[in-house]
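Listed here are the chains, written in short residue letters.
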Amino acid sequence: MTDIIAGVEMPDTSAVAEATDFLRVRTSPLIFHHSRRVFLFGSLHARELDLRPDPELLYISAMFHDVGLLIPFSDAQQRFELDGADHARRFLLDRGFSESAAEVVWRAIALHTTPGIPGRMDPEVAATNYGVLTDAVGWGLDRLDGDRLDEIVAAHPRGDFKKEFLQAFVEGLKDRPDTTYGTINADVLERFVPGFRRTSMVDRIIDAPWPR
């Protein structure tokens, strides 16, 4: 039976089923429900804006976009967005997807917190970013039908999302603070981690090993 929420059909493929199981087992209910909402919101915005993302690739992008907060990809410290992107890319290639499909998903996840750029890129990249913005900061809520919004939240409850989501960022980033340089992630550590001081581009230029 096809799963339809708020008029959005969940893609019925083996990769989608495996990604769903991966999130259920390897992450948290907070991240699972947030990720599903991101797909749904992103799909609705794509429909309104006449974007045509591949539903399967958009779903994988949404489901893996915050995986890096909980599961670093390798021993090398890097931005959590890159961890999630690397996980998704490997997931797709291991299941026979093309390099081009894997790269679209990689970009969607790697850029999902980057202001301004995703909307100029592939439909999957743009729609992922729009879904994230809607669920995290309420972007575009005024353009969504109230009944559909209620249906999404009923299927995937927010709970105490604001508090728990910020805490997930703190837990995921506090031991790798240098990876937040130049990103919005530094905002979270500056607010919640005592003693954290963000490094600015001004600091780096002034401290560079040049005489002037």
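Calculation criteria
Residues numbered from 1 in each chain as written. Predicted model: local features only at pLDDT ≥ 70, side-chain atom pairs only at ≥ 80, totals over all residues. Heavy atoms only, no water. Core = buried A, V, L, I, M, F, W, Y, C linked by side-chain atoms within 4.5 Å. Buried < 20%, exposed > 50% of the residue type's maximum accessible area, 1.4 Å probe, protein only. Helix = DSSP H or I, 4+ residues; strand = E, 2+ residues; numbered from the N terminus. Contact = heavy atoms within 4.5 Å. Expected span 1.5 Å × (residues − 1). Polar contact = N/O pair within 3.5 Å; in protein donor to acceptor, adjacent residues only side chain to side chain. Axes fitted to C-alpha atoms, helices over the stretch in contact; angles between N-to-C directions. Parallel < 35°, antiparallel > 145°, perpendicular 65-115°, else oblique. Nonpolar A, V, L, I, M, F, W, Y, C, P; charged D, E, K, R; others polar.

In this section: the nonpolar core. The biggest cluster of nonpolar side chains holds 53 residues, and the ones touching the most others in it are Phe39, Ile60 and Phe64. Among the elements of the structure, α1 (14-26), α2 (29-48), α3 (55-64), α4 (80-94), α5 (99-110), α6 (123-137), α8 (161-173) and α9 (185-192) are those that each provide at least two residues to this core. Tallying contributions element by element places α2 first for this core, with 9 residues. Beyond its immediate sequence surroundings of up to four residues, isoleucine 60 is in contact with Ala15, Val16, Ala19, Ala88, Phe91, Leu92, Val105 and Ile109.

Glancing now at α2. With 20 residues, α2 extends 29 Å between its outermost C-alpha atoms, agreeing within 8% with the 28 Å of an ideal straight helix rising 1.5 Å per residue. Among the 20 residues that make up α2, 16 are buried, leaving the element largely enclosed by the rest of the structure.

This brings us to the side chain of serine 35. Mapped onto the elements of the fold, serine 35 is located in helix α2. According to the relative accessible area criterion, serine 35 is buried, its value standing at 0%. Engagement of the side chain of serine 35 in a polar contact is seen with the backbone oxygen of isoleucine 31, the distance being 2.7 Å. Setting aside its immediate chain neighbours within four residues, serine 35 contacts Leu23, Ala62, Met63 and His65.

Next up on the list: the packing of α1 against α3. Relative orientation of the contacting elements α1 and α3 amounts to 10°, with a least axis distance of 10 Å. Relative to α3, the element α1 lies roughly parallel. On α3, the residues touching Ala15, Val16, Ala19, Thr20, Phe22 and Leu23 of α1 are Glu56, Tyr59, Ile60, Met63 and Phe64. Counted by class, the contact of α1 with α3 contains 9 nonpolar, 1 polar and 1 charged residues.

Limitation: the analysis is restricted to geometry and does not speak to function.
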